[in-house]
Structure formats: structure tokens, C-alpha cells
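For reference, the chains in residue letters:
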Amino acid sequence: MNPSVVTSNLAKRFGHKWALAHVDLEVEAGQGLLVVGDNGSGKTTLLRLLAGLLLPTLGKVEIFGAPPQEPGSGARARLGLVGHQGYLYDALSPLETLEFWNRLAGGARSPADLEALLDQAGLAADRNRRVGGFSAGMRKRLSILRLHLEKPDVVLLDEPFSALDEAGRGWLLGTLADLRRGGATLIVASHDPERAAPLCDRAIRMDQGQVIWQGAAFGQGWAAR
């Protein structure tokens, strides 16, 4: 199998502080990678670098052989990110949001498909409300629906279970399992490794911007200090 994500000596500095240093990763297409670590360990910085939202200070990131920021490579279009920020437009309703995303993705989904997605996410009753009035959990559910429309080859998730109730967590697990069955690569940064581990093959633990342990997703290195 060919790698979908490769980093080489990846590092990021903010001012005088190194948030990430010497990270070498290779994730095969279709694999799941669990990223664990305390707050400030570098998990979010790593995902933002992989998504192309940050430029490395040193080293490189390649998505299917190309940097995510490289014009014309198509690398960024193959990425999907669900992070702390949902990148939602507060003035739009959930239905208008899905219609907008559907157009960006080529418009393959019918109005009935979009209504069905809202129903699956538990947002059907709020389809015409403005997103600006939504709770954090509702915003997270709506953000996750973008993955259904774009069907990215690499899915990056930063604390995906936060703000979701138990029903929402179960729905998210089903969504991610479907993406993996479809061949997507998952990279999941989570404080809830036991919940995320069944979706993943491998795991790494980060501390102070470095990978200090790696192994099977059901290994015992999560609690390593």
C-alpha cells in the first residue's frame, strides 16, 4: 500500500516556543492512527500542519506525495478536518449550510439526501434555525456532516467526541466506521482513546511536541509519561 500521509522531521515554532519537533510519521492509505497526549502536547498543531492550515517551520508534510499547500496538486481537496472550530456560517441554517457544501462538492446530493443527513444527525427539527444559536454539540454534529458530502481520502479529527452526548458519540463512531470501510485514512487526536481505538490500527503518544511512544492502537503506551 502507498502512504497517504508522510511527515519528515516536522517542526513548528511559535515565537521562541517549539510546539512540535522532529515528528516523523508514515500512515498508509486506509489506516487509522490514534494520537493521544495531554493538553499542549502538540496534537492540534500536528493536525493543523497536516491539514495545511499551518506552514512548517522545519521539515515537510506530504498528502499522497504532495504538500497540502501546493497549488494544483489536489492534496488539500483530499483532506477533511473536524476540529475545535467548525468553520460554520452563523447566519445560515443547517439546511442552507449543507446546500452550500453540496455545491462545493459538485452538487451530487439531492435535496432529499440533505434532509436525510440532517435527520441522521438529529438536526432535522432545527433545519431552518440559524447556526449562530446552536449549542457546541449541535455545531459539532453539523460539522461532521461535511464528511458525508466531501468523502475525503484523509480525515483529520481533533477531539471529535467533545461536546457530543452519548447518542452523538455513537452516531459519530458509525460515521467514521463507514468512512474507513470506504477506504479513508483516519487520524484521530482524542482524550478518549478507549472510544477511538476500535477505529484505529496504530497509536502514538505525544508530549512536549514530540512522539514519545508508538504501537498498536490497543497498546499500553497511552498512559506512558
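Note that the coordinates shown come from a computational prediction; the quantities given were computed from them, not determined experimentally.

**Structural notes on the nonpolar core**
Move 1: By size, the foremost hydrophobic cluster in this structure holds 37 residues, and its most contacted members are Leu98, Leu142, Leu145 and Leu176.
Move 2: If one sorts the elements of this core by residue count, helix H4 (residues 136-150) sits on top with 6 residues.
Move 3: Beyond its immediate chain neighbours, meaning those up to four positions away, Leu142 contacts Leu88, Pro94, Thr97, Leu98, Trp101, Leu118, Leu123 and Val131.
Move 4: Within the second largest apolar cluster, 25 residues are counted, among which are Leu20, Leu25, Leu54 and Leu79.

**Digging into unusual backbone geometry**
Move 1: One non-glycine residue, Ala163, adopts positive backbone phi at about 75°.
Move 2: Structurally, Ala163 is set in the loop between strand S6 (154-158) and helix H5 (166-181).
Move 3: Not every positive phi belongs to a glycine, and Gln208 is a case in point at roughly 50°.
Move 4: Examined against the element boundaries, Gln208 turns out to sit in the loop between strand S8 (202-207) and strand S9 (210-216).

**Examining the pattern of salt bridges**
Two side chains with opposite charge may pair up if their charged atoms get near one another.
Move 1: Inspection of every chain in the model, using the stated rule, returns 13 salt bridges.
Move 2: We note a salt bridge from Arg146 to Glu150, for which the minimum N-O separation is 2.7 Å. Taken together, the positions of Arg146 and Glu150, both in helix H4 and 4 residues apart, correspond to about one turn of that helix.
Move 3: Exposure remark for Arg146: the relative accessible area of 25% places this residue in the partly exposed category.
Move 4: Residue class for Glu150 comes out partly exposed when judged on its relative accessible area of 32%.
Move 5: Between Arg180 and Asp201 there is a salt bridge, and its shortest N-O distance comes to 3.0 Å. A residue pair is termed long-range when its members are at least 10 positions apart, and Arg180 in helix H5 and Asp201 in the loop between helix H6 (193-196) and S8 qualify at 21 residues.
Move 6: With relative accessibility at 38%, the residue Asp201 sits in the partly exposed group.

Cut-off values and rules
- In this numbering scheme, every chain counts its residues from 1 along its sequence in written order.
- Where totals are concerned, whole chains, interfaces and linings use all residues; where local detail is concerned, this predicted model gives features only for residues with pLDDT of at least 70, and gives and counts side-chain atom pairs only at 80 or more.
- To obtain the side-chain values, all non-hydrogen atoms of the structure were included, while hydrogens and water were left out.
- Side-chain atoms within 4.5 Å link the members of a nonpolar core, which is a set of buried Ala, Val, Leu, Ile, Met, Phe, Trp, Tyr and Cys residues.
- Buried means the residue's accessible area, taken with a 1.4 Å probe over protein chains only, is under 20% of the maximum for its type, while exposed means over 50%, and partly exposed covers the values in between.
- Secondary structure elements follow DSSP: runs of H or I no shorter than four residues count as helices, runs of E no shorter than two count as strands, and numbering proceeds from the N terminus.
- Whether two residues are in contact is decided by their heavy atoms: any pair within 4.5 Å suffices.
- One speaks of a salt bridge when a side-chain nitrogen belonging to Lys or Arg is within 4 Å of a carboxyl oxygen belonging to Asp or Glu.

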